[in-house]
Structure formats: structure tokens, C-alpha cells
Amino acid sequence: MRRMPAIGVVLTACVLLAIPSGRAAEAPAAPTETKTLADKPQPPADPNVLAVIGDYQISRDEVVRRYMELIGPYDGLDVERARALTVRDVVLELVAEKAMTLDARKAGALNDEMIRTAMTDFRGRRLVNLLIGDYIQGKVSVTEEEVQAAMKANPRLDETAARVTLQSAKSRQVMDMYYQQVYERVKVKKITENFPKAARIHMRLLLQPKIERAMQFVMVRQVQEELTQAEKDMVLATFEGGKFTLLDMFNALTNIAPPRRPEDLNTPEGIEQFVDQGLRLPVLVVEAEAKGYDKNPELLTQIKQQEDMRLLGKAKMDMYQAVAEPNDGQIDAYFAAHKDEFRLGEKVKIDQIWLDTRAAADAARTHIDAGKDFEQVKQRDSINKDSKPFDTYRSAEGIFGEPIFAADPNTVVGPIKGLFSGNSVKWRIVKVLDKDAGDPPTLDDQTRNRVKWKLWADRRLRAFDRVKADLLSRYDYTLYEDRLAAIRPLDLP
């Protein structure tokens, strides 16, 4: 279930004193001098920047995208809260998330094994991509004769597909030769005496898991929790500038979809073959670092963004895991007070005319009121003439569904706003064709689960609001209020 919008945090100042993470906030000392306008920090030159915290800038596009996500349709949407959502609320939520990321970074969350493993893989793959991209440039060419020969050998290939296939094959050959040169240069040495141990450990995780599972394959959680530190550190190969451990092997294995994983890892020979494959990335990373690709500015930006995403994800997950699951009594009580929220099968069959402006929508409605056929008006005026009548549900309409569900069959509603193609708001005229009130809700297992997740989501929302208020009191940030006031995502021409 998607999280609910965070609404209701109101601050008395736009810029607050920064307090280091982990310390209690203290009242700031009285100012000793009054700053002039010239002393105050100037807004960024980019008018799309709406807020700043640390070295982060919150952009207009980021805010509008999050706003649309929070008001959009999903099961359990609190319509009243969504309607009350403001652009400022969204900016404060994004600022708080940046502060949460800063807190996680200060706390050393990058050392979390799952994050560290994911970031090592992310960085390595992008380093190698840079290396390969530059190395093969100018070294691979495909002639017209080769393309024609490939098409003759495989009639299913057109000219483009044949050329791409040939280029890919030649690129692999070039890189295989290059990898072999690097492999020999960094003096790879396989620790073959550890291969039988690795095979036995793999069989233990596969056949004797401590974690119950529905299917028989090694899970990421097993690698984290069921391997001892000594096992994780067991070296399977060394090379100048690095080593390949049992942990590296299992990380590489769990990156492969279970049906495609090797079936012979119960043998030393199977382990050796997999180590040979797994060595390719770290060996080429050493080569890329030696050539300075690790200093690439775009790569460093990508790494920072990926770290931020994973740090925020971990911080939120830790916060949510601390929220207690609703018990049966709480589920029963909430259902009794909110039965209509869980009515099953309520739907309305509608047809729609989508329009770009209010003036166009008013004109279309005038034609319909004057007796014009709805379908004829749609074919003449709609920006989506191919749309067909369909069943819609409250959870699919977001904050825009109330007029539709309040209307009787065979009536026309509008102009009203609606979510067009899921990511933009446009005007529409809606014809209600039929209504189904659905079945009276009963607290069966399915409904009980829906109630539980609704309650749990509400609790997590409140938990985030508390964390947000704390973060906004501890970090220095700036909102550019005049820029916020100019953004109205739901205002349409």
C-alpha cells in the first residue's frame, strides 16, 4: 500500500537553527545584531528551486511529481487529507526526507551490509560500463557484407537487428581479449583449497535454512544472517588491488534470478566456474580505478543519489518496523466505525469527454445540455476520442470521484477535474451510465486484512509526522515562499 500524505506540520519560521543529529534541541540565543537585506542569503538563480537544506535543492518538478503521487488514486486514500494537501506540505515532506537521509548518513548507515553490498555492485557496474564504453570505441566495425551474410543466415533478422547482433558479438570478443590481459596483469590467484568448503556451505544454505521459505533457493537474508563472519571473509581468489570472498560469491549469486542460477554449486568444479564468472566485475573495477574512472563527476553524482535513495529507504523501513501492528480488537473497532469504507464491489460505469481547458469543457457541456448526443460531442471535442465506457471505483478516482459517485445513472456531470493518463489533471465531462452500490461489508479475512493495513498505514503516517517535526526542528533549511505560492498543480486554464 502506498503511504499516506503527510499533512498538518506548521512551522513558525522558515529557517531554523541547525542542531547536530542526536542532540536535544536547545533554544537559540537572542540575536546580537539585526541582519540587513544584503546579509540574507539570496535565493538560487534557478527559479525552479523551491527549498534548500544542506547541499540539497528541492525542485519544482520534484514537488509537483510528489504532490500528484499523494493525491492520486490508491486503495486506502484518505480523501479529506489529500484534498487539504498543499504544495508547502509537500516541500516540507521532501525537506524532512533529506534531513532523514543526512541523519542516516551521520549514523553510519552506509555500513549496513545490505546497503554496502548494493552500493559496491552499483558503483562497480557503472565503473566498468565507463571503462568498456571508452575501450571498445573505434575497435568494433561491421561491414555491409557481414550484415547481408547475417541476414541470409537468419532470415528473421532485418538490417538493424543484424548489425546490432554483429556489433554485440564483436564487442564481446574485444572485451574478452581485454579482460584476459587485465586478468593476467593483476595476477589473479584462485584459492582452490577453499572451493570444497564453499560448496558445502552453499548446500547448507540451500538444504538446511534457518528461515522458512516456500521455494528452495538461497535468499539474501540467509547470506546476511546465516553465514558466520569467518565464512563471509573466506577468500576464494586474490588479485592485485582486491580479493573475491565467499560473501562476494553469494552476493553475485543472489543477484541472479533463482531459475537461472547454476545447479552445480554443490561441487568444487561448479564453485570454480562461478568464481571465474564473478571475478570479471571486480577485476575490471580495479582496471577502471587505475585509469581514473572513479573520479568521473557524473559517476560520483550517480553514486551519491543512489546512496541517498538507499539511506532514506532504510531510515523509513526502520521507522515503520517500530510501528506496532494493529490487534484484533482495534481492527474490529475500526471496522465497526467505518464500515462504508470497506464496501466491496461499489462501482460506477462512466463515459468521459476529456478537454484541455475549462472554456472547451463549458462549450461541450452546453452542446450536451442542448440535446447533442454525448458520443458525437466526444468525437468532435475530446482529446481522447478512443476512450470507451468503463467501470470506475472510488480508489481509482483519487480526490476527484465524489461528484461521480453522488450522481444518478443517465446523468451528466461536469465540467469536473480528473486524472488524465494517471499523471496529469485535465477537465472532463462525465456521463454516469450505471451504478452498483456493491455488497454490504462483512469482516471476513479479506476485509480484516484491508482494515489492518489501513490502520497500520495511518499509524505509520503519524510516526513519520513525529519524525518530520523533530527533523525540521533540528536542521537548518530555507523555503522560498514566494516561489511556493506560484505553484498550483490543480489550477487549470
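Predicted, not measured: the structure shown is a model, and the values here were computed from it.

Would you mind showing me how to read the layout of surface pockets here?
Where empty space is left can be seen by rolling a probe of water-molecule size over the atoms. Approximately 1100 Å³ is the volume attributed to the largest pocket. Contributing to the lining of the largest pocket are 36 residues, with D121, F244, G278, L281 and P282 lying nearest its centre. Residue assignment for the lining of the largest pocket shows that the elements contributing at least two residues are α4 (113–136), α9 (229–232), β5 (242–245), α10 (246–254) and α11 (268–290). No other element matches the eleven residues that α4 contributes to the lining of the largest pocket. Of the residues that constitute the lining of the largest pocket, the class distribution is 13 nonpolar, twelve polar and eleven charged.

Teacher, can you tell me more about the packing of helix α3 (residues 87–106) against helix α18 (residues 445–474) here?
Between α3 and α18, the least distance of the axes is 9 Å, while the angle of their chain directions is 75°. Our classification of the angle between α3 and α18 gives roughly perpendicular. Judged by residue contacts, L92, E93, V95, A96, E97, A99, M100 and D103 of α3 engage F464, V467, K468, L471, L472 and R474 from α18.

What am I meant to see in the packing of aromatic side chains here?
The description of an aromatic ring pair rests on the distance of the ring centres and on the angle between the ring planes. Scanning the entire structure with this criterion turns up six aromatic pairs. Among the aromatic residues, those joined into a cluster by ring pairs are Y334, F335 and F342. We note R280 situated over the ring of Y179; from NZ or CZ to the ring centre the distance is 4.8 Å. Over the ring of W456 we find R460; its NZ or CZ atom is 4.7 Å from the centre of that ring.

In this structure, what is going on with the confidence of the model for the protein? I would like to understand it.
Note that predicted coordinates carrying low pLDDT should not be read in detail. Overall, the prediction assigns the protein a mean pLDDT of 88, with 91% of residues at 70 or greater. Per-element confidence in the protein ranges from a low mean pLDDT of 84 for helix α2 (residues 79–84) to a high of 98 for strand β4 (residues 235–239). Contacts of residues 1–39 to residues separated by more than four positions or lying in other chains number 89 contacts, the stretch itself having pLDDT below 50.

Would you mind going over the nonpolar core with me for this structure?
When a protein is soluble and globular, its nonpolar side chains tend to lie buried together. In this structure, L236, L246, F250 and L279 are the most contacted members of the largest nonpolar core, which totals 48 residues. For this core, the elements supplying multiple residues, two or more each, are α4, α6 (159–185), α7 (195–207), β4, α10, α11 and α12 (297–321). Per element, the largest residue contribution to this core is nine residues, and it comes from α11. Those residues in contact with F250 that sit more than four places away from it in its chain are I201, H202, L205, V218, V223 and L227. Counting 44 residues, the second largest nonpolar core, distinct from the first, contains V323, L419, F464 and L484.

Got a minute to help me understand the sheet that holds β5 in this structure?
Across a sheet, strands are paired by hydrogen bonds formed along the backbone, either parallel or antiparallel in direction. With respect to topology, three strands assemble into an open sheet ordered β3-β4-β5, the strand pairing being antiparallel. Whereas interior strands pair on both sides, the edge strands pair on one side only; in this sheet they are β3 (189–190) and β5. Bridge analysis of β4 against β5 gives four bridges, and the strand direction is antiparallel. Opposite T238, over in β5, you have K243 as the bridge partner. Lying over the sheet, α11 contacts β3, β4 and β5, oriented at roughly 35° with respect to β4.

What exactly am I supposed to notice about the pairing of strand β6 (residues 347–355) here?
In terms of burial, β6 is largely enclosed, as seven of its nine residues are buried. Judged from the nine bridges that link them, β6 and strand β9 (residues 424–436) form a sheet pairing that is antiparallel. Following the sheet pairing, D351 is matched in β9 by K431. Direction of pairing for β6 relative to strand β7 (residues 390–392): antiparallel, over a ladder of three bridges.

I would appreciate a short explanation of the environment of A288 in the present structure.
With respect to the helices and strands, A288 occurs in helix α11. Separated by 104 residues in the primary sequence, A288 and E184 place their C-alpha atoms 15 Å from one another.

Whenever I open this one, the pattern of salt bridges confuses me. Can you help?
A side chain of one charge can pair with a side chain of the opposite charge when the charged atoms of the two come close. All told, the structure shown has 47 salt bridges when counted by the stated rule. Residues E231 and R204 are paired through a salt bridge, measuring 2.8 Å at the closest nitrogen-oxygen approach. Pair noted here: E231 is in helix α9 and R204 is in helix α7, with a separation of 27 residues, a long-range link. One salt bridge connects K452 with E325, and the closest N-O pair in it is separated by 3.3 Å. Remark: E325 occurs in the loop between α12 and α13 (328–337) and K452 occurs in helix α18; sequence separation between them is 127 residues. What makes E325 partly exposed here is its relative accessible area of 45%.

Which parts of the structure should I look at to understand the pairing of strand β2 (residues 56–59)?
Successive side chains on a regular strand alternate, one facing one side of the sheet and the next facing the other. Judged by which residues are buried, β2 turns out to be one-sided: Y56 and I58 face inward and are buried, whereas Q57 and S59, on the alternate face, are not. Of the strand pairs in this sheet, strand β1 (residues 49–53) and β2 are connected by four bridges, and their pairing is antiparallel. The residue of β2 that forms the bridge with V49 is S59.

Explain the environment of I271 to me, please; I cannot follow it from the model alone.
Note on placement: I271 falls in helix α11. Judged by its relative accessible area of 0%, I271 falls in the buried class. Leave out the neighbours within four places in its chain, and I271 touches F195, A198, A199, M249, D264 and L265.

What counts, and at which threshold
Residues numbered from 1 in each chain as written. Predicted model: local features only at pLDDT ≥ 70, side-chain atom pairs only at ≥ 80, totals over all residues. Heavy atoms only, no water. 1 Å grid on protein atoms, 1.4 Å probe; cavity = no way out; pocket = protein on both sides within 12 Å on 5 of 7 lines; lining within 4 Å. Points joined across faces, edges and corners; volume = space filled by probe spheres on them. Helix = DSSP H or I, 4+ residues; strand = E, 2+ residues; numbered from the N terminus. Nonpolar A, V, L, I, M, F, W, Y, C, P; charged D, E, K, R; others polar. Axes fitted to C-alpha atoms, helices over the stretch in contact; angles between N-to-C directions. Parallel < 35°, antiparallel > 145°, perpendicular 65-115°, else oblique. Contact = heavy atoms within 4.5 Å. Phe/Tyr/Trp six-rings, centres within 6.5 Å; stacked < 30°, edge-to-face > 60°. Lys NZ or Arg CZ within 6 Å of the ring centre and 35° of its normal. pLDDT = per-residue confidence, 0-100. Core = buried A, V, L, I, M, F, W, Y, C linked by side-chain atoms within 4.5 Å. Buried < 20%, exposed > 50% of the residue type's maximum accessible area, 1.4 Å probe, protein only. Pairing = 2+ DSSP bridges. Salt bridge = Lys/Arg side-chain N within 4 Å of Asp/Glu carboxyl O.

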